[in-house]
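What follows is each chain in one-letter form.
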Amino acid sequence: MVAMRDAFGKALLELGSLNKKVVVLDADLASSTRATFFAQKFPDRFFQVGIAEQNMVGIAAGLASCGKIPFVTSFAVFVTKRAADQVSISVAYSRFNVKLVGAYTGLFNGSTGASHMAVEDIAIMRAIPGIIVIDPADAEEMRQAVMKISEYNGPVYLRETRDEWPDIFDASYNFTIGKSTTVMDGEDATIIACGVMTSESIKAAEILKKDKINARVVNMSTIKPIDSDMIIECASKTGAIVVAENHNIYGGLGSAVAEVLGENIPTPMLRIGIRDVLGEAGNNRELLEKYNMSAEHIAKAVKRVMDMRKTLR
Amino acid sequence: MVTDAQVGHIGGSFSSAEILTSLYFYIMRVDPANPNWPDRDRFILSKGHGASLLYSTLAERGFFPVEKLSTFGKLGSILQVHPDRTKVPGVEASTGALGQGLSIGIGMALAAKLDKKDYHTYVVLGDGETQEGQIWEAAMFASHSKVDNLTAILDYNNVQLMGNVPEIMQIKPVKEKWNSFGWNTIEIDGHDFKQIIGAANSAKMKKEVPTIIIARTTKGKGVSFMQNTCEWHGKVPSEGEYKKAIRELEE
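Residues numbered from 1 in each chain as written. Chains lettered and ligands numbered in written order. Predicted model: local features only at pLDDT ≥ 70, side-chain atom pairs only at ≥ 80, totals over all residues.

Caption draft 1: Focus on the overall build of chain A. When helices and strands are counted, chain A shows 13 helices and 14 strands. Viewed in the frame of its principal axes, chain A has a C-alpha envelope of about 60 × 35 × 35 Å. Each of the 313 residues in chain A was classed as buried or not, and the buried ones make up 62%. Here the analysis covers contacts within chain A between residues at least 6 apart in sequence; of these, 80% occur between residues at least 24 apart. (Helix = DSSP H or I, 4+ residues; strand = E, 2+ residues; numbered from the N terminus. Buried ≥ 20, exposed ≤ 12 C-beta atoms within 10 Å, placed from the backbone. Contact = placed C-beta atoms within 7 Å.)

Caption draft 2: Highlighting the sheet that holds strand 3 (residues 46-48) of chain A. All names here are of chain A. On the basis of which strands lie adjacent, the open sheet formed by seven strands has the order 3-2-4-5-7-6-12 and mixed pairing. This sheet does not close on itself; its edge strands, each paired only once, are strand 3 and strand 12 (222-224). In this sheet, adjacent strand axes meet at a mean angle of 20° when their direction is disregarded. Pairing of strand 5 (residues 99-103) with strand 7 (residues 156-159), which is carried by four bridges, proceeds in the parallel orientation. Following the sheet pairing, G102 is matched in strand 7 by R159. (Pairing = 2+ DSSP bridges. Axes fitted to C-alpha atoms, helices over the stretch in contact; angles between N-to-C directions.)

Caption draft 3: Expanded view of the interface of chain A and chain B. On the side of chain B, 19 residues touch chain A, which itself brings 22 residues to the contact. Looking at the side of chain A that touches chain B, the elements that each hand over two or more residues are helix 4 (53-65) and helix 6 (84-93) of chain A. No other element matches the nine residues that helix 4 of chain A contributes to the side of chain A that touches chain B. Here the side of chain A that touches chain B is composed, by residue class, of ten nonpolar, nine polar and three charged. (Nonpolar A, V, L, I, M, F, W, Y, C, P; charged D, E, K, R; others polar.)

Caption draft 4: Just the nonpolar core, in detail. Core analysis: the biggest nonpolar cluster contains 179 residues, and L12, I191, I241, V242 and V302 of chain A together with I213 of chain B have the highest contact counts within it. Sorting elements by how many residues they give to this core places helix 5 (residues 101-114) of chain B first, with eight residues. A domain split of this core shows at least three residues from each of domain 1 (2-165) and domain 2 (181-312) of chain A. Every residue in contact with L12 of chain A, bar those within four places of it in the chain, is listed here: V24, A35, F37, F38, F71 and V146 of chain A. One finds F14, V223, M226 and A245 of chain B within the second-largest nonpolar core, a separate group that totals six residues. (Core = buried A, V, L, I, M, F, W, Y, C linked by C-beta atoms within 7 Å. Domains from an automatic or database assignment.)

Caption draft 5: Structural view of the packing of helix 5 of chain B against helix 6 (residues 133-144) of chain B. All names here are of chain B. It is at 8 Å that the axes of helix 5 and helix 6 come closest, and there the two elements cross at 25°. Compared by their axis directions, helix 5 and helix 6 come out roughly parallel. Side by side, helix 5 and helix 6 meet where L102, S103 and I106 of the first sit next to Q134, I135, A138, F141 and A142 of the second. The residue makeup of the contact of helix 5 with helix 6, split by class, is six nonpolar, two polar and no charged. (Parallel < 35°, antiparallel > 145°, perpendicular 65-115°, else oblique.)

Caption draft 6: Seen up close, the domain arrangement of chain A. All names here are of chain A. Along its sequence, chain A is carved into domain 1 (2-165) and domain 2 (181-312). Measuring from the centre of the C-alpha atoms in domain 1 to the corresponding centre in domain 2 gives 26 Å. If you look at the interface, domain 1 gives 27 residues, while domain 2 gives 26 residues. Contributing elements (two or more residues each) for the side of domain 1 that touches domain 2: helix 7 (121-127) and strand 6 (132-134). Classifying every residue of the side of domain 1 that touches domain 2 by side-chain character gives 14 nonpolar, six polar and seven charged.

Caption draft 7: Expanded view of helix 6 of chain B. Between the first and last C-alpha of helix 6 of chain B there are 17 Å, a value that for twelve residues agrees with the 16 Å anticipated at 1.5 Å per step. Among all positions in helix 6 of chain B, only Q134, I135, E137, A138, A139, F141 and A142 of chain B are buried. On its buried face, helix 6 of chain B is in contact with helix 4 of chain A together with helix 5, strand 2 (121-126), strand 3 (150-156) and helix 8 (174-180) of chain B. Remark: K146 of chain B follows helix 6 of chain B within two positions and exhibits a positive phi of approximately 55°. (Expected span 1.5 Å × (residues − 1).)

Caption draft 8: View of helix 6 of chain A. Where burial is concerned, most of helix 6 of chain A is hidden: eight out of the ten residues are buried. Of the positions making up helix 6 of chain A, those classed as buried are Q86, V87, S88, I89, S90, V91, A92 and Y93 of chain A. Close packing links the buried residues of helix 6 of chain A with helix 4 and strand 5 of chain A together with helix 5 of chain B. Among the residues trailing helix 6 of chain A, R95 of chain A stands out with phi positive, at a value near 55°.

Caption draft 9: Molecular detail of the sheet that holds strand 13 (residues 241-248) of chain A. Residues and elements named next belong to chain A. Ordered in space as 9-11-10-13-14, the five strands form an open sheet in which the pairing is mixed. Single-partner strands in this sheet number two, and they are strand 9 (181-184) and strand 14 (269-274). Between one strand axis and the next, the sheet turns through 25° on average, direction left out of account. Each of strand 10 (189-193), strand 11 (215-219) and strand 13 is contacted by helix 10 (residues 228-238), which is oriented at about 155° to strand 10, the strand it contacts most. Where helix 11 (residues 253-264) meets the sheet, its contacts fall on strand 10, strand 13 and strand 14, and the angle it forms with strand 13 comes to roughly 145°.

Caption draft 10: Summary view of the pairing of strand 5 of chain A. Residues and elements named next belong to chain A. For strand 5, the buried fraction is high: five of the five residues fall into the buried class. Side chains K99, V101 and A103 project from strand 5 onto one buried face, and the interleaved L100 and G102 project onto a second face that is buried too. In this sheet, strand 5 lies alongside strand 4 (residues 69-75) in parallel orientation, the contact comprising five bridges. Among the inter-strand pairings, F71 is bridged to a residue of strand 5, identified as K99.

Caption draft 11: Highlighting the pairing of strand 7 (residues 211-216) of chain B. All names here are of chain B. Strand 7 sits mainly inside the fold: five of its six residues count as buried. Taken together, the six bridges between strand 3 and strand 7 define a ladder with parallel strand orientation. Bridge pairing in strand 7 places Y156 opposite R216. Looking at chain direction, strand 6 (residues 184-189) and strand 7 are connected through six bridges and run parallel.

Caption draft 12: Seen up close, the environment of T57 of chain B. Residue and element names in this part refer to chain B. Within the element layout of this structure, T57 appears in helix 4 (residues 51-61). Measuring from C-alpha to C-alpha, the distance between T57 and L98 comes to 21 Å, with 41 residues separating the pair along the chain. Setting aside anything within four residues of it in sequence, one finds T57 in contact with L20, T21 and Y24.

Caption draft 13: Local environment of unusual backbone geometry. Backbone torsion omega between K224 of chain A and P225 of chain A reads 0°, so that peptide bond is classified as cis. Following K172 of chain B, the chain continues to P173 of chain B via a peptide bond in cis, the omega torsion being -5°. Looking at the element boundaries, P173 of chain B is found in the loop between helix 7 (165-168) and helix 8. Within the chain, R34 of chain A stands out as a residue other than glycine whose phi angle is a positive 75°. Turning to its location among the elements, R34 of chain A is positioned in the loop between helix 2 (30-33) and helix 3 (36-41). Note on R34 of chain A: 25 C-beta atoms within 10 Å, which makes it buried. Non-glycine residue K146 of chain B carries a positive phi angle of around 55°. Its place among the elements puts K146 of chain B in the loop between helix 6 and strand 3. For K146 of chain B, a count of 13 C-beta atoms within 10 Å corresponds to the partly exposed category.

Spelled out as structure tokens, the structure:
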């Protein structure tokens, strides 16, 4: 287990050695986002802008226009909300090759509290035309995502959480933007998850096995563009879907999956996520329980969605 | 253009006409045949509503055919009412949401320093635009980081959409504000070609600190009934007004 932010920091450092075009911008949070690893090794390519996220995003756009690959690093609340217009106009509308990294996403960021917990960042970024949205599930996927987005020419929003989460993938895994992965096979129902909720969903599938329910678990780390083919396949093979995400149930992965299902293959589904409230301080395990997002809650939702399927048939 | 499309911003375009003409015809190193030439000087019209002026200047300089200007603001045109960099050769940044251009210009200037290139970046700001907070984030950064390969030009026509700047939100003292943010300031008459070119040259010579040229201008310059009035920020002239304006400008 590696803390997601350490995985990000190490990946950025590795990328810095591989690609001299990569530059990193920070608004006085690099020790928290772990952009410090890059800053220490490549001070000339690290720009400290002070506590001024709007300016940071604009500067990144200018750097990108001259061939640099800027990684804008801050807390997700600031990247996606304080600087939303700059992301939209200076970056996305302009089609500049800027990578936006939002740290401390969702609830599970130790003792911070609502002001620092991004519960609506996916919804905001997903609604801006032309931005790719990625929420990696573990350290290995984070590492590969950092590498892959640097090779893609265009704006990307990458979610980063703070703490340690179980490893799912090893070096044999191959992350591709826009492609999801089945991490557990099963035919009774599908759990589609992203970010740190993927490991919680795997645990849920283990719990369900005790009741002889085989749930398929899909890691849908790219939320935009969404992997419609996989969603349709899961719907047609299992006929019942639970979506789990570390984000508001409005506008995130659950919404994206519902859109695909509704337009292609209407299927019973339930969403696990933050139910339209802001977060609060507490340890991650306590928060998972309080906000009904733990493996047990996901397992219950799977049983419930299977019942819904029965009623519909 | 504006009369034809029935949309656009004449007042603020006329106030920066001499500034853009000086930049594109006397000051900046550009190659219209090669708009992405890496060593070109960069220009950002941060007050994106002056798009009709930017398009006219780029067309006259040879970036695209002058005939294209008649498509301004029409469906499917590359010439949007505010500039879109992905559509128009020579447009470096998509602007229109005020307050964003200076930061983008700083990014371009920083890239020049990283790449050890000697191109210069110019950003034209509206006076009302400096009411945006991001301008001051950028101003603070540019002096702190010694971004001396960038020159800002303030089109100080003292009129914004709803009225005169002092009535809407006073921006004075302008020179003192920029000085206190660590900028070199040069005050000029923004309709005097010699003063514009002289100020740009001296700004380029100034090392270690960024420069802002505070250009005193007249909104709607050259047309008696458009001058110094907020009514003409975004008004479209009638046929009669158009003819009268052209007559006055030709005199």
